[in-house]
Amino acid sequence: RRRLVSAAMDSLNVTTYVGQKLKRVLWNQEALAVGTRQLATTGWGEDNTIVNVYSITTTSTSIDAHEDPVSVTIPGDGNDVVFVGVDKAVVASSAGDLQLISINHESPDVTPLNCASSCWNALGAGNNAVYCASEDGSLRVLDLFSNTYSAFQNKRKAALLSLAVAESLVLYTGDTTGVLQQWDVRTEAATMKLVAERSDRAGLTMLNTVAVHPTKPEMIVGGLSDGRLQIWDVRQPSTPFANLPTHSDAVWQVSFDQRSPQHMISCSQDGYLIQQDFGNITHMTEEQIAAEREVLLQFPEPFSINSADSCAGTIACGTDAQALCLVQKSS
């Protein structure tokens, strides 16, 4: 395993090769609040996958990892990961398992959780619970204290591909038919259904990724399989608020920087990492939006950027090229 190294340039771009395709990268926002930058990665292996948790230091001139990451091996592919506090993470497996990881450099520990499924596609966390979206259309909430779960009442059977946690005990999920659902955690039932606008391309318009704006929780962004981003205002749910032709192929993740929520980033099968100003989008035409979007990173075909997450100006990306990239724009 190669370690991340320092770099100094006008715009920092540090890459390390990790020996497996990366499906998900995630910064620990809670750890940032206590002065630590933790980054988790998981992906595809031959039979198993390695989950790494890095400790990262960034300055205006360097990005550096002090030591080897905390590493554990889980069965199957690692489809998603969420942090629960500053010293634990939960990983979703294509084998249908959930694993609780204790982040300890000397003796990292993995504990199976009681929430089996055919295949977990997406996770969310909040209120000492983990929310789990499955390939079979089920949505569950796992209580980490008791290691017991309950199931939401989902009448739809389409596979759930994405999940996002909003404030006030609200969840959003996206599925293979382009349907965005809002869920009430207290009643464990769907409270709203929104449908992505279809494109001219053949086939289903799948909702691969969902994100909630950090300071405007009524604004929900979805990334579609045809390369578009759609924005919904749940106060006016009848039609998408905006339709952004951002990528030329499937969007795999859209997210916001929690400390700079005007920055919306997206990554795609087309190999592009793109940043857009969310505040300006609502006042621009599609042509203006396309002209103003900023390409932060591009991988050559056929390598996809599968995941991207931003933390205080540093964007982490996981790719099909078995590469972990850290991008930090100069101020």
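Below is a summary of the structure that appears in this document. (Residues numbered from 1 in each chain as written. Predicted model: local features only at pLDDT ≥ 70, side-chain atom pairs only at ≥ 80, totals over all residues. Heavy atoms only, no water.)

A word on the pairing of strand 9 (residues 98–102)
Side-chain direction in a regular strand flips from residue to residue, so the side chains alternate between the two faces of the sheet.
No. 1: For strand 9, the buried fraction is high: four of the five residues fall into the buried class.
No. 2: The pairing of strand 8 (residues 88–93) with strand 9 spans five bridges and is antiparallel. Paired with Val91 across the two strands is Gln99, which belongs to strand 9.
No. 3: The antiparallel hairpin formed by strand 8 and strand 9 contains four residues in its connecting segment, where Gly96 sits at a positive phi of about 90°.
No. 4: Two elements, strand 9 and strand 10 (residues 109–112), share four bridges in a ladder whose sense is antiparallel. Paired with Ser102 across the two strands is Asp109, which belongs to strand 10. (Buried < 20%, exposed > 50% of the residue type's maximum accessible area, 1.4 Å probe, protein only. Helix = DSSP H or I, 4+ residues; strand = E, 2+ residues; numbered from the N terminus. Pairing = 2+ DSSP bridges.)

Some remarks on the layout of surface pockets
No. 1: Each pocket or cavity is described by its volume, and for the largest pocket that value is around 1200 Å³.
No. 2: Lining the largest pocket are 46 residues, with Leu26, Val82, Gly124, Ala125 and Val165 positioned closest to its centre.
No. 3: Elements represented by at least two residues in the lining of the largest pocket include exactly strand 2 (21–27), helix 1 (29–33), strand 7 (78–83), strand 11 (120–126), strand 15 (160–166), strand 19 (207–212) and strand 23 (251–257).
No. 4: Broken down by element, the lining of the largest pocket gets its largest block of residues, six residues, from strand 15.
No. 5: Partitioning the lining of the largest pocket into residue classes produces 26 nonpolar, 14 polar and six charged.
No. 6: Reported here for the second largest pocket is a volume of approximately 270 Å³.
No. 7: If you go around the second largest pocket, you meet 14 residues; those closest to its centre are Lys23, Arg24, Leu161, Asn208 and Trp252.
No. 8: No other element matches the three residues that strand 2 contributes to the lining of the second largest pocket.
No. 9: Taken together, the residues of the lining of the second largest pocket break down into four nonpolar, five polar and five charged. (1 Å grid on protein atoms, 1.4 Å probe; cavity = no way out; pocket = protein on both sides within 12 Å on 5 of 7 lines; lining within 4 Å. Points joined across faces, edges and corners; volume = space filled by probe spheres on them. Nonpolar A, V, L, I, M, F, W, Y, C, P; charged D, E, K, R; others polar.)

What to know about the pattern of salt bridges
No. 1: Under the definition given, this model contains seven salt bridges.
No. 2: Between Arg24 and Asp80 there is a salt bridge, and its shortest N-O distance comes to 3.0 Å. One end of the pair, Arg24, is in strand 2; the other, Asp80, is in strand 7, and 56 residues separate them in sequence. Both residues of the pair, Arg24 and Asp80, belong to the buried class. (Salt bridge = Lys/Arg side-chain N within 4 Å of Asp/Glu carboxyl O.)

A word on the sheet that holds strand 20 (residues 219–224)
Strand pairing in a sheet relies on backbone hydrogen bonds, with the paired strands running either antiparallel or parallel.
No. 1: Read from one edge to the other, the open sheet built from four strands follows the order 19-20-21-22, with strand pairing classed as antiparallel. Edge positions in the sheet fall to strand 19 and strand 22 (242–245), since each has one partner strand and no second. Between one strand axis and the next, the sheet turns through 20° on average, direction left out of account.
No. 2: As judged from the five bridges shared by strand 20 and strand 21 (residues 228–233), these two strands associate in the antiparallel manner. Residue pairing across strands places Gly223 opposite Leu229, the latter belonging to strand 21. (Axes fitted to C-alpha atoms, helices over the stretch in contact; angles between N-to-C directions.)

Things to note about the packing of aromatic side chains
No. 1: Tallying each qualifying case throughout the model produces two aromatic pairs.
No. 2: Each ring, one from Phe152 and one from Trp183, has its centre 5.7 Å from the other, and the planes form 90°; the classification is edge-to-face. Highlighted residues: Phe152 in the loop between strand 14 (148–151) and strand 15 and Trp183 in strand 17 (residues 179–184), separated in sequence by 31 residues. Pair check on accessibility: Phe152 and Trp183 agree, each one buried.
No. 3: Centre to centre, the rings of Phe256 and Phe278 are 5.5 Å apart; their planes meet at 80°, and the pair counts as edge-to-face. Residue Phe256 is found in strand 23, and its partner Phe278 is found in helix 2 (residues 278–281); the two are separated by 22 residues along the sequence. (Phe/Tyr/Trp six-rings, centres within 6.5 Å; stacked < 30°, edge-to-face > 60°.)

Focus on unusual backbone geometry
Peptide bonds are trans in most cases, and residues, glycine excluded, mostly fall at negative phi.
No. 1: In the Ramachandran plot, Asn128 falls in the positive-phi region, its phi being about 60° despite a non-glycine side chain.
No. 2: Mapped onto the elements, Asn128 comes out in the loop between strand 11 and strand 12 (129–134).
No. 3: Looking at Asn128, the relative accessible area reads 49%, which means it is partly exposed.
No. 4: The backbone of Ala312 shows a phi angle near 50°, a positive value even though the residue is not glycine.

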